[in-house]
Amino acid sequence: MASKDHPPALVPPPHYPEPSLPQPQPLDYGYEMYQGRTLREYIHILWKRKWWIILTFLGIFLTAALYTLTRTPIYRTASTLQITQDNPGSQVSVDDRLSMLSGGDSLEKFQQTQYKILQSRSLALRVIQALNLTEHPDFIGIKEDNPDLSPGELENAMVERFQKKLEVTPVRNSYLVELAFQSPDKALAQKVVNAIADEYMYLSIDRRNESFNLVRTWLDRQLQEMADKVQAAQKKLYKFGQKTDIYTLEDKDNVIVQKFIDLSGLLTKAQAEKMAKEAQHRQIQEQGPNAPLIVNNPLVAQLRQQVVVQQAKVMSLQKVFLPGHPEMQAEQANLRELQARLNAEVQRLQESVRADYEAAQRTENLLNDSMAAQKDEVARLQDNLTDYQILKRDAQTNEQLYQAILARVKEANIASTMVPSNVAVIDPGILPSQPFKPKTMRNLALAAFLGLTLGLGLALVVEHLDDSIKSVDDLERYCNLPSVGVLPLLSTTNGSLSANLTRKVLDSPLWKFLPWTKRRKRRRPDSTPAQNLDLVVYNNPEDPLTEALRHTQTSIMLSSSGRPPRALMITSPNPSEGKTMLTSNLGLSFALNGRQTLVIDCDLRKPRVHQIFDLDSQPGLTNFLSGNATLEDILRPTHVPNLTVISAGARPPSPVNLLNSDIFKELLEQLRAQFQHIIIDTPPILGFSDARLVSALVDGVLLVTRQNSTHKSAGRLAHQLLSQIHAPIVGAVLNGVGPHGSAYGGYYYYYYNYHYKYYSKYYSDKSGDR
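Residues numbered from 1 in each chain as written. Predicted model: local features only at pLDDT ≥ 70, side-chain atom pairs only at ≥ 80, totals over all residues. Heavy atoms only, no water.

Help me understand the overall build of the protein chain in this model?
Counting its regular elements, the protein chain contains 28 helices and twelve strands. A total of 770 residues make up the protein chain; the buried ones form 43% of that total. Within the protein chain, counting contacts between residues at least 6 apart in sequence, those at least 24 apart form 81% of the total. Carbon and sulfur atoms provide 55% of the accessible area of the protein chain, an area that totals close to 42400 Å². (Helix = DSSP H or I, 4+ residues; strand = E, 2+ residues; numbered from the N terminus. Buried < 20%, exposed > 50% of the residue type's maximum accessible area, 1.4 Å probe, protein only. Contact = heavy atoms within 4.5 Å. Areas by Shrake-Rupley, 256 points an atom, 1.4 Å probe, with all protein chains shown as cover.)

Rendered as structure tokens:
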């Protein structure tokens, strides 16, 4: 037996062929680009993020419901008016007619003017005074809330409130306008819209009466002045006409002007004809007999057809008769005659076009000479007509103004006695039966739609921002790690649904924002105590988690050709992802199959294996590596047959140095000879180099990840760190898969849950039979 000061002599292990592990494909970090999702995956996402959707929906819906139900009901009464322009018999107003004399306003401008009058301050003030609204509860509050306001300021404040409640809405493509008034008092809303129509007509009458008095006085003065101007202009016109021999002369009756107009028309026509003839002439000169004018001539076309026919006939006879044959000579003579007629017709057409062109040119020259002479006559006439027309237009303008003013005087006298008829009430305001605002059903429907839409969008955004591994597909796609097992998030006692639901609620990001979570530390409710989960294979062989662990064991056994990995290291990217639980249960699973199994706790920083099997922490691995214990001292049998444990031992100051020593390497070689399976628990690989040192000494490395906890970047980095040293990676285990895991992780949950329910009933029936 070796002493405590020196490590025992190690027996060289027998040689076994190294297992051939499947090598993972090279990492492709660009694969994490956008991948299309299926409808089933979207349903899983929405179900998993249902609390985001529910709370967002309830928040918006309840806020809208509270706002809608607590508001004071507002009633709205509408009245329809018809506002048209007055016809000449009814006469709108004098100032409107004056604007028409200066060019007139369009219908749109007239309607816009009336709409502004309906919204004017003066009309609002008339309605307030007519209905005595200053004492109404809707308006009396202004005086009570602002007792320091002057009468003018108080009046302005009431008018502003009245105008805010009033709506003037024109009906497109019509003379109709809708007046509406909103108020908590339904009776007041009805009175106001009916009073506005009456006060609008009264305002028009008052405005007309004020205008008529002023216009009549102004028109009488302008009429007298214009009569004097008309008489003076007519006298001046007659005297100038007698002096220049222009009496009843008009432009259209003047011989000189009419002759100039006729010559201008003839010259334009001659120029057009000359251009047409010139174009034909040039065409014939350029193209000769092939010009379109010649080619399209019916006679030429007929002669050419006859020539072609005759030529064909002659050619056919040449094949039969000799050149001197009488019939041959006769046909040739006919051909020459036809060609001569054709040439003569073409020559005639060319001469005809040239003659027409020369005649049109001579006509144009003659008309140009006559036009030039006539222009001089027109210029002399215009010298006198200019002054005459100026005097004539002056006289006509004065006459028209005089007649217009005289007509306006008559119209003003008539219109001052008439009542306006351009305003009519089509639909008077009625007493409303239901509030106009708030619209309860519409607001609640919009709030429900908005809440549901935002909830769905928020759930998808949260899912997109969540970088954690959610499924086996994520594990294989983004981390490039083959999956060897899926461990469901199920309980072993007191049912699984409540514990898992509570775990999901605590994992929800909304839980972090609740006020009571800031006053006390959040505790995750495990489905069972840690000891039960760590020994679930031994204590609960019918549990779904046990079945999942057996699947994982089977995958490990079949992961390599030749024989399964003898020394298996288990690690995880981060703490609390289930590596120690998997280590203990895999050791139990191998041991219960009758295989000599050793569990080594190499997590020297936070050891827990000795607690699981209820053993003392010392002596352990660190005691052996430091020479303070023998191999027999650290090999600790457990209550499970075929299962031995090496605890971590005392916590060393530098775990890396111990694990990197030759003694540790020799220890593993000796243990390989004694045990069929060695399961090694190591610290998380991210942040500590312990796992990388041990991974180079084992036959296989198993990486443990937790659903919705381990980030994809952490999984990729863990795989990269192991691949850099060519560690024999067996695969990865996805732990804590709940019912909402996408891909087939969620299906594992349901299948394991079904297995648990089915076989738990079988075991209970079997126990009852005993």
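On we go from here.
Hey, could you run me through the sheet that holds strand β2 (residues 166-170) in this one?
Sheet strands pair via backbone hydrogen bonds, and the direction of the pair is either parallel or antiparallel. Taken in spatial order, the four strands make up an open sheet running β2-β3-β1-β4, and their pairing is antiparallel. At either end of the open sheet lies a strand with only one pairing partner, and these are β2 and β4 (423-427). Neighbour-to-neighbour, the strand axes of this sheet turn through a mean angle of 30°, independent of strand direction. Lying over the sheet, helix α7 (residues 151-165) contacts β2 and β3 (176-183), oriented at roughly 45° with respect to β2. (Pairing = 2+ DSSP bridges. Axes fitted to C-alpha atoms, helices over the stretch in contact; angles between N-to-C directions.)

What's the story with helix α13 (residues 440-465) in this structure? I'm lost.
Side chains that are three or four residues apart share a direction in an α-helix, a result of its 3.6 residues per turn. Compared with the 38 Å implied by 1.5 Å per residue over 26 residues, the 36 Å span of α13 between its first and last C-alpha is a close match. Looking only at α13, the buried set comprises Asn 443, Leu 444, Ala 447, Gly 451, Gly 455, Ala 459, Val 462 and Glu 463. Where α13 is buried, its residues touch α1 (39-48) and α2 (50-70). (Expected span 1.5 Å × (residues − 1).)

Looking at this model, I keep getting lost on unusual backbone geometry. Mind explaining?
Negative phi values dominate among residues other than glycine, just as trans dominates among peptide bonds. Cis rather than trans, the peptide bond between Lys 437 and Pro 438 has omega equal to -5°. For Pro 438, the position within the fold is in the loop between β4 and α13. A cis amide bond, omega -5°, links Gln 618 with the succeeding residue Pro 619. Tracing the chain through its elements places Pro 619 in the loop between α21 (609-612) and α22 (621-625). Residue Ser 576 is not a glycine yet carries a positive backbone phi of 60°. Along the chain, Ser 576 turns up in the loop between β6 (567-571) and α20 (579-592).

When you look at the packing of helix α19 (residues 544-557) against α20 in this model, what are you seeing that I'm missing?
Geometry of a packed helix pair, given as the angle between the helix axes and the separation of the axes. Direction vectors running N to C along α19 and α20 enclose 75°, while the axes themselves pass 10 Å from each other. Between α19 and α20, the angle is such that the two are roughly perpendicular. Counting all contacts with α19, which are made through Leu 549, Gln 553, Ile 556 and Met 557, the residues of α20 involved are Leu 582, Asn 585, Leu 586, Ser 589 and Phe 590. For the contact of α19 with α20, a count of residues per class yields six nonpolar, three polar and no charged. (Parallel < 35°, antiparallel > 145°, perpendicular 65-115°, else oblique. Nonpolar A, V, L, I, M, F, W, Y, C, P; charged D, E, K, R; others polar.)

For this particular structure, what's the right way to read the sheet that holds strand β9 (residues 643-646)?
Across the sheet, which stays open at both edges, the eight strands sit in the order β5-β12-β11-β6-β10-β7-β9-β8 with mixed pairing between neighbours. Looking along the sheet, the strands with just one partner apiece sit at the ends: β5 (483-488) and β8 (636-637). In the packing of α19 onto the sheet, contacts are made with β5, β6, β10 (677-681), β11 (700-706) and β12 (729-737), and the angle to β5 comes to roughly 175°. Where α20 meets the sheet, it contacts β5, β6, β7 (597-601), β9, β10, β11 and β12, and its direction lies at approximately 170° from that of β10.

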